[in-house]
Amino acid sequence: MNLNFEQIEKKTKEHRKKILKVINHVGKGHVGGAFSCIDILSVLYYKNILNISTKNITDPNRNRFILSKGHACIAQYVILNDLGFFGEDELFKMNQGGILGEHPDTNIPGIEFISGSLGHGLSVAVGFALAAKMNKQDYTTYVILGDGECGEGSIWEAMSLAPRLKLSNLVTIIDRNRLCIHGDTEYIHPLDPLDKRLKSFGWNVIDIDGHNLKQILNSLTNLHSSKPTAIIANTVKGKGVSFMENQSNWHHGAITDEVLKKAVEEIG
C-alpha cells in the first residue's frame, strides 16, 4: 500500500478517533503513547516501507517490525484492523476475551514479538537483522522504542552491538515524547544529548519531527550503507487532543463518554 500524504493524514485522524472509542468501550488503555507514535506507524504501513500485508506475512523474506513500546499497541491494532488482519469486532473485545490484549502477542495476526516487558525489543530486532545477514536475506528490521524504556540497560547493550555487526538493515525509531508513566524522562533518567550518544555508539542518526509525515518518510529512506540507523522522532504525548498533549496523566486510563465526545470533536 502506498497512500499519499493527504490520505495518510486522514487515516491518522480516523485512527485517533477509533483508539479513543475502543478505550472508552473496553474501560482502559494507553492513549498518550499511542497518539505520539500513530503518525510514525501510519507512514511505516501506508507508505510501503514495511511492505507487510495479509498476503506476505508468512514470507521469510519480508520486512520485520517490532513495537518495543508494546503498551502503545492499540495504535498498531487499529492499523492492522484497517489492513484486514482481523475484524473491527476484535478491537472492541480488547482485554475482554478476544485475541487482543493490552500488549502485543504473537498469537495476534501481524504481530512479530511479545513486547509487554519494556527494554527487549531492540535486542530481538538485532537478532532479526543479524539473521538476515547470516542467511543472505534482503529484508530490513524496524523497531519503535519508547524514550522511557531507553533507561533499560538492555537497550544500550543492543545499541553497542548493532554497529559492531554492521547491521545496516536495522532501523530504530525512538518515540521521543519525553514523558513516561512517572513523568519527565529527563528528570527520571536523562537521555540527552541523545543524538551524540547514539553517534558515539556508531549509529547513523537522524533527528526529525515525529508528526511531520514527510520528514518521517524521508528519514526512513535515508539509510546508511554500513551502519544501523537511529531516528529520533520528536513527538508529543497525546498528540491531536489539546488537553491530553504533554500530560503524563494521559499515559494510561479510562476515556469517559464526556472526554470521548470532546476529543473526537477536536480531532475533527
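Source: prediction; values computed, not measured. (Residues numbered from 1 in each chain as written. Predicted model: local features only at pLDDT ≥ 70, side-chain atom pairs only at ≥ 80, totals over all residues. Heavy atoms only, no water.)

**Quick word on the pattern of salt bridges**
- Evaluation of the coordinates by the stated rule reveals 12 salt bridges.
- In this structure, the salt-bridge partner of arginine 176 is aspartate 192, at a minimum N-O distance of 3.1 Å. On the criterion of sequence distance, the pair formed by arginine 176 in strand E3 (residues 170-176) and aspartate 192 in the loop between helix H7 (185-188) and helix H8 (194-201) is long-range, its members being 16 residues apart.
- By relative accessible area, arginine 176 is classed as buried at 2%.
- Among the charged side chains, a network of salt bridges with common partners joins Asp147, Arg176, Arg178, Glu186 and Asp192. (Salt bridge = Lys/Arg side-chain N within 4 Å of Asp/Glu carboxyl O. Helix = DSSP H or I, 4+ residues; strand = E, 2+ residues; numbered from the N terminus. Buried < 20%, exposed > 50% of the residue type's maximum accessible area, 1.4 Å probe, protein only.)

**Here's the deal with the packing of aromatic side chains**
- Counting across every chain of the model gives four aromatic pairs.
- Ring geometry for tyrosine 45 versus phenylalanine 65: centroids 6.1 Å apart, planes at 75°, classification edge-to-face. Taken together, the residues tyrosine 45 in helix H2 (residues 32-46) and phenylalanine 65 in strand E1 (residues 64-67) connect sequence positions 20 residues apart. By the burial criterion, tyrosine 45 is buried, and phenylalanine 65 matches it.
- Across from the ring centre of tyrosine 139, 4.0 Å away, lies the NZ or CZ of arginine 64, which sits over that ring. (Phe/Tyr/Trp six-rings, centres within 6.5 Å; stacked < 30°, edge-to-face > 60°. Lys NZ or Arg CZ within 6 Å of the ring centre and 35° of its normal.)

**Quick look at the packing of helix H1 (residues 5-26) against helix H3 (residues 73-82)**
- Contact geometry of H1 with H3 gives a least axis separation of 10 Å together with a crossing angle of 115°. Our pair here, H1 against H3, has a crossing hand that is right-handed. Where H1 approaches H3, its residues Lys11, His15, Lys18, Ile19 and Val22 are matched on the opposing element by Ile74, Ala75, Val78, Ile79, Asn81 and Asp82. (Axes fitted to C-alpha atoms, helices over the stretch in contact; angles between N-to-C directions. Left-handed = near helix turned anticlockwise from the far one by under 90°. Contact = heavy atoms within 4.5 Å.)

**Focus on the sheet that holds strand E6 (residues 204-209)**
- Reading across the sheet, the five strands line up as E1-E2-E3-E7-E6 and stay open at both edges, with parallel pairing between neighbours. Bordering the open sheet on either side are E1 and E6, each of which pairs with just one other strand. The mean inter-strand angle of the sheet, taken between neighbouring strand axes irrespective of direction, is 15°.
- As paired elements, E1 and strand E2 (residues 141-146) share four bridges and run parallel to each other. Considered in E2, the bridge of arginine 64 is made with threonine 141.
- Together, E2, E3, E6 and strand E7 (229-234) form the strand contacts of helix H9 (residues 213-220), whose direction differs from that of E6 by roughly 170°. (Pairing = 2+ DSSP bridges.)

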